[in-house]
Amino acid sequence: MKRALSQRFSHTKAGAQSGHPPSQVNNLLVLAALAIVLITLSLLRPVDHDESQYVAATVLTAHGLIPYRDFAYLQTPLQPYLFAPIAWLAGAWTWPALRILNALLGVPTIACVHTAARTLGAKPKAALTCAALLATCDILLFSIGTARNDALPAALLTAALPLIARAETGRAPRNGALLIGLLLASAAAAKISYALPALTYGLYALIHRRHRPVAILLGTLPVIVFVAWSYTTSPAGFVFGTLTFPARGPAEYYASRPWKMSLPAKAIDTLKFLALGAALPALILIARDANRRRAIGLFDALIVAGLIAALLPFPTWRQYLVPALPALFVRLSLIAPPTRPWRIALVIFAAAGLAPSIAALASPNDLSLAQALREGRAVGRALDRHGISGPIATLSPQMLPAANRLPDPAFATGPFYFRSTRLLDPQQERTLHLMSRARAYGTGAPILTGGEGPETSGDASLDRALAASAISNGYRAIPVPGTRFTLYVPPSH
């Protein structure tokens, strides 16, 4: 990636002869190459059960259901609406289409770090190097390589950074503050952890009026109206999905493993994730530079805000650190050139950042996306043979687009609410369209098990609990030939 990005400023005869500036031609070639690499990595990356609720939410929204009102969604609301047209067009190929979309969102994320760095005065080589270092971080590669909700807010946040940089240097474009407000508010509307960097910038703008805080606020208004409308569709569902479950759900699930919720575990996990890439040495270099300057600038504040947003939830996972990365690598491009030992360290850590992706691609025990799609189509054929056409209850709803079926709305969150036991009472669950392991009484829909297990980073005991509930309610088991899946058909069928 670094070599490809470094070609960005080379000049070719082909570009000159075509009538286009050579740098523009090279820029497009580099971005196209980067897109191909990221898309390839995303399609080859094994299945992760985290993808379940995001695929399900997008598919259900594409079919006219409203998040929170008609099914539970455990995030802020923007992504299902923005991605729904992709699901509507892609049909059975929704899951890989969402992966491709997230990989493509990684391109502007990387490119805008370079643009913001150059806007702030970074030298061309430093800006290119820092953009390349970002591209090698496992935190980013995982986040843009799966069908989660990390790539969209990262791209929105990073798209605002060049505009913020221009405002900081006194060269803000006309209506730039409006667009900054729209982008930062949209990032928070896609994932709530991005609200903290957005608020940090808003406070900075109030102090430094050249950033035009009133215009920034006006830019946020369309998103505020959208989020407020989402709240009105189901106030209880909105609060539970965006605040209550993120705050209480992990603590309940990890109650039997209290170490995972401890501060020492958080410290170890955070250092591990930052070390899988150049983020850890970059933080050290920037901290040294800030101490030498005895000043905290805007991008330093954005880094701190991103880190706080990552560290507030328990436990900490790698994708939580994405909000800190764009500002981190922009800021890194502005320090004095590091010494040779530090340059070697950055290269070593960058190589370490690529290692998890390489290991994931080579793992024989994980479920590949291609195999998952084949099994999804096999599930669809089995459903057709038994005349089953309605929604399917499953902890692996990401498998259903390939089967040309919709998930039962009560299972739209995949395994993540199902593993709860005491967060809601039965009446609240019914009101919010949720189903827990403690009350897996079924909705009358056919049940599909087999997709939640170690090969998808999941918990196989949850599928076993769902299967046991199906059997206790008189469901008939039908193994799906050639797959790991089993259908459970209700007695009335």
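Residues numbered from 1 in each chain as written. Predicted model: local features only at pLDDT ≥ 70, side-chain atom pairs only at ≥ 80, totals over all residues. Heavy atoms only, no water.

Draft legend 1. Inspection of the sheet that holds strand β1 (residues 393-394) at higher detail. The sheet built from four strands is open, its strands ordered β1-β2-β4-β3 with mixed pairing. Each having just a single partner strand, β1 and β3 (476-479) make up the two edges of the open sheet. Taken together, the three bridges between strand β2 (residues 447-449) and strand β4 (residues 486-489) define a ladder with antiparallel strand orientation. Counted as the bridge partner of Leu448 is Leu487 from β4. Against the sheet, helix α22 (residues 460-472) contacts β1, β2 and β4, and its axis sits at roughly 145 degrees relative to β2. (Pairing = 2+ DSSP bridges. Helix = DSSP H or I, 4+ residues; strand = E, 2+ residues; numbered from the N terminus. Contact = heavy atoms within 4.5 Å. Axes fitted to C-alpha atoms, helices over the stretch in contact; angles between N-to-C directions.)

Draft legend 2. A look at the environment of Ala255. Looking at where Ala255 falls in the secondary structure, it is placed in the loop between α13 (235-253) and α14 (263-275). When its relative accessible area of 51% is taken as the criterion, Ala255 is described as exposed. A sequence separation of 128 residues divides Ala255 from Leu383, and the C-alpha atoms of the two residues are 38 Å apart. (Buried < 20%, exposed > 50% of the residue type's maximum accessible area, 1.4 Å probe, protein only.)

Draft legend 3. Representation of the pattern of salt bridges in the model. Per the stated rule, a full pass over the model turns up 15 salt bridges. One salt bridge in this structure joins Asp138 and Arg318, with 2.9 Å as the shortest N-O distance. Placement of the pair is Asp138 in helix α8 (residues 138-143) and Arg318 in the loop between α16 (298-311) and α17 (325-332), with a sequence separation of 180 residues. You can call Asp138 buried: its relative accessible area is 2%. Here Asp289 makes a salt bridge to Arg331, at a shortest N to O gap of 2.7 Å. Taken together, the residues Asp289 in helix α15 (residues 279-293) and Arg331 in helix α17 connect sequence positions 42 residues apart. Here Asp289 matches Arg331 in class, with each residue buried. (Salt bridge = Lys/Arg side-chain N within 4 Å of Asp/Glu carboxyl O.)

Draft legend 4. Molecular detail of the confidence of the model for the protein. Across the protein, the average pLDDT comes to 90, with 94% of residues at or above 70. In the model, residues 2-18 has pLDDT below 50 throughout and makes 31 contacts with residues more than four positions away in sequence or in other chains. (pLDDT = per-residue confidence, 0-100.)

Draft legend 5. Looking closely at unusual backbone geometry. Cis geometry marks the peptide bond from Phe314 to Pro315; its omega dihedral reads -15 degrees. Tracing the chain through its elements places Pro315 in the loop between α16 and α17. Unlike most non-glycine residues, Asn404 shows phi in positive territory, near 60 degrees. Although it is not a glycine, Ser457 sits at a positive phi angle of roughly 60 degrees.

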